[in-house]
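Observations on chain architecture
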Amino acid sequence: MKKNLVLDIHESPKKWSQLFLFAIQHVLAVLVATITVPLLIPGLPIAATMVSAGIGTLFYIFVTKRKSPVFLSSSFAYIAPISSALAVGGVVNASGQAANYMTVMLGMGMVGLVYVAIAILVKVFGTNWLNKLLPPIVAGPVIMVIGLSLAGSAINNLTNTAASPDNYNLICILCGLVALVVTALCAHHKEGKMLGLIPFVIGMGSGYVAALLFTLIGHTWLGNSYFQIINFEPLVNVFSDLGRNLFNYKMFLPDTTESFIFLRFEQLKQFNWADIGQVALLFIPVSLVTVCEHIGDHQNLGNIIGKDLLNEEPGMTRTLIGDGVATALSGSLCGAANTTYGESVAVVGTTKIASVKVLMTAAIMMIVLGLFTPLTAFLQTIPGCITGGVSVVLYGFIASSGIKMLVNKKVDLNKTRNIFIAAAILVSGIGGLVFRFGNILITSTAVSMIIGISLNLILREKKEKSAE
């Protein structure tokens, strides 16, 4: 595998300022998706999700011996299992939201055990059996599905229609396109220039400035609500009582309404262990599928940095343990399930900065953001259209990486079997085919991978007849 990196995995930026800027763009790239998962699951704390993402990433980097530069954060695949687990037993919080954190902790613990078990199998029997299940003709299109299936989310954010089609706003689109174009320009002219190494920071900053001008001039001065792109309410709420709101430490303290962690241990005393089977059915089937997603992400990252992360160093055993146990740790902190983030991989691919030290710094930043309320409040003011504009590049890069894998591995698309496998994966994944078994939901990305693996096993390669 070829590589053309500005900073390799073992290298570090020369200046602290560069380290900070390189790290913050990873945070910005993953932040929206990180907080979106708890926003979609009422009752799941946002602050705990951010903190657990940082801790999980640091644990993963430690287990993989600092040889795999990827950020771990909230997994969308576990939205349905976590939502259902919170509702088990009818436990609710003060706001009337489902809040059985004990079942979530147990479910994520099971996910960790599944990952560790598969890691042990890989250690004993090697990776050939997995390579046969996930050859490039399966992994490439699945990576494309991962990126393209998120395209709708990016466009909805860009057009401001994520909540309702009636919210369509041309000013939002303009601000998002400013972020997109500036990001692309910086990345395009990156040779020897500092701006090219932090395209996402510059791009999102430019989009935010444009949104700020429209908000101040159009909304504040002229009184036209159509121009209100930025909502400053999170900052106003924090600074109205900064002494009490400076650090979000209460979630770690007992006997407070914000303490999700100790509330969960109180629930342990009342937990109905007859529900353990239901919890297993919610989480284990999904974990078996996200293992395949884990492999696809690492194959994609490996192609970018020019290293075989699964078959060489650090090896699939370590990556699986790092990813799975990180999810179990997140469950103990009442955060969302963790997974390797394609957005972070896209940042590495765009900037060619694969320094693990940058990823470690980004993880520490995420922990600080989860605890330091003013910074969290400021990030919450970043309009969805700005992140949507940048996501057009990020998600498109993920999809393009799948095409690149097919090209680099020289997959012959003139073969009918390969066309059938790729076509089935792309249509089922992008079309949104899901499997539902009662409360169990297998996402379209996972279903497309299952179909691809099945077709690859059924449509065996024809053996060439030897010439006499």
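Everything quoted here is computed from the prediction, not taken from an experiment.

**Points about the packing of helix α6 (residues 136–148) against helix α18 (residues 384–408)**
Interhelical geometry of α6 versus α18 gives an angle of 165° and a closest axis separation of 7 Å. Compared by their axis directions, α6 and α18 come out roughly antiparallel. Handedness of the α6/α18 crossing: left-handed. In contact with Pro136, Ile137, Ala139, Gly140, Pro141, Ile143, Met144, Ile146, Gly147 and Leu148 of α6, α18 contributes Tyr395, Ile398, Ala399, Ser401, Gly402, Ile403, Met405 and Leu406.

**Quick word on the packing of aromatic side chains**
With the rule as written, the count across this model stands at three aromatic pairs. The interplanar angle of 50° and the centroid separation of 5.6 Å between the aromatic rings of Tyr208 and Phe378 together place this pair among those described as tilted. Of this pair, Tyr208 sits in helix α9 (residues 199–221) while Phe378 is found in helix α17 (residues 373–380), placing the two residues 170 residues apart along the sequence. Residue Phe378 is classed as partly exposed on the basis of its relative accessible area of 36%. Measuring from ring centre to ring centre gives 6.3 Å for Phe214 and Phe227, while their planes differ by 25°; the resulting arrangement is stacked. Within this pair, whereas Phe214 is found in helix α9, its partner Phe227 is found in the loop between α9 and α10 (233–239), the two being separated by 13 residues in sequence. Judged by its relative accessible area of 24%, Phe214 is partly exposed. Phe227 gets classed as partly exposed once you look at its relative accessible area, which sits at 23%.

**A few points about the environment of Arg66**
Within the fold, Arg66 resides in the loop between α2 (46–63) and β1 (72–74). When the C-alpha atoms of Arg66 and Ile9 are compared, they prove to be 7.7 Å apart, with 57 residues separating the residues in sequence. Among residues more than four places away in sequence, those in contact with Arg66 are Ile61, Val356 and Met360.

**Brief notes about the environment of Asn237**
Relative to the helices and strands, Asn237 is located in helix α10. Asn237 gets classed as partly exposed once you look at its relative accessible area, which sits at 45%. Each C-alpha atom of the pair Asn237 and Ala377 lies 8.6 Å from the other, and the pair is 140 residues apart in sequence.

**What to know about the pattern of salt bridges**
If charged atoms from side chains of opposite charge come close, those side chains can pair. Taken as a whole and judged by the stated rule, the model has two salt bridges. Ionic pairing is found between Glu313 and Lys65, a salt bridge with its closest N-O pair at 3.0 Å. Taken together, the residues Glu313 in the loop between α13 (276–305) and α14 (316–332) and Lys65 in the loop between α2 and β1 connect sequence positions 248 residues apart. With a relative accessible area of 38%, Glu313 lands in the partly exposed category. Notably, a salt bridge pairs Lys67 with Glu313, separated by 3.8 Å at the nearest N-O pair. In this pair, Lys67 sits in the loop between α2 and β1 while Glu313 sits in the loop between α13 and α14, placing the two residues 246 residues apart along the sequence. Counted as one network, the salt bridges with shared partners bring together Lys65, Lys67 and Glu313.

**Some remarks on the nonpolar core**
Ranked by internal contacts, the top residues of the largest apolar core, which has 115 residues, are Tyr78, Ile82 and Phe283. Looking at this core element by element, the count peaks at 13 residues for helix α4 (residues 101–125). Those residues in contact with Tyr78 that sit more than four places away from it in its chain are Val111, Tyr115, Phe283, Val286, Ser287, Thr290 and Ala337.

**Concerning α4**
For α4, with 25 residues, the first-to-last C-alpha span of 36 Å sits near the 36 Å given by 1.5 Å per residue. Of the residues trailing α4, Gly126 is marked for its positive phi of about 85°.

**Some details on the environment of Leu86**
Here Leu86 shows up in helix α3 (residues 79–86). In this structure the C-alpha to C-alpha distance between Leu86 and Met105, which are 19 residues apart in sequence, comes to 9.9 Å.

Here is what the cut-offs are and how they apply
- Residues numbered from 1 in each chain as written.
- Predicted model: local features only at pLDDT ≥ 70, side-chain atom pairs only at ≥ 80, totals over all residues.
- Heavy atoms only, no water.
- Axes fitted to C-alpha atoms, helices over the stretch in contact; angles between N-to-C directions.
- Helix = DSSP H or I, 4+ residues; strand = E, 2+ residues; numbered from the N terminus.
- Parallel < 35°, antiparallel > 145°, perpendicular 65-115°, else oblique.
- Left-handed = near helix turned anticlockwise from the far one by under 90°.
- Contact = heavy atoms within 4.5 Å.
- Phe/Tyr/Trp six-rings, centres within 6.5 Å; stacked < 30°, edge-to-face > 60°.
- Buried < 20%, exposed > 50% of the residue type's maximum accessible area, 1.4 Å probe, protein only.
- Salt bridge = Lys/Arg side-chain N within 4 Å of Asp/Glu carboxyl O.
- Core = buried A, V, L, I, M, F, W, Y, C linked by side-chain atoms within 4.5 Å.
- Expected span 1.5 Å × (residues − 1).

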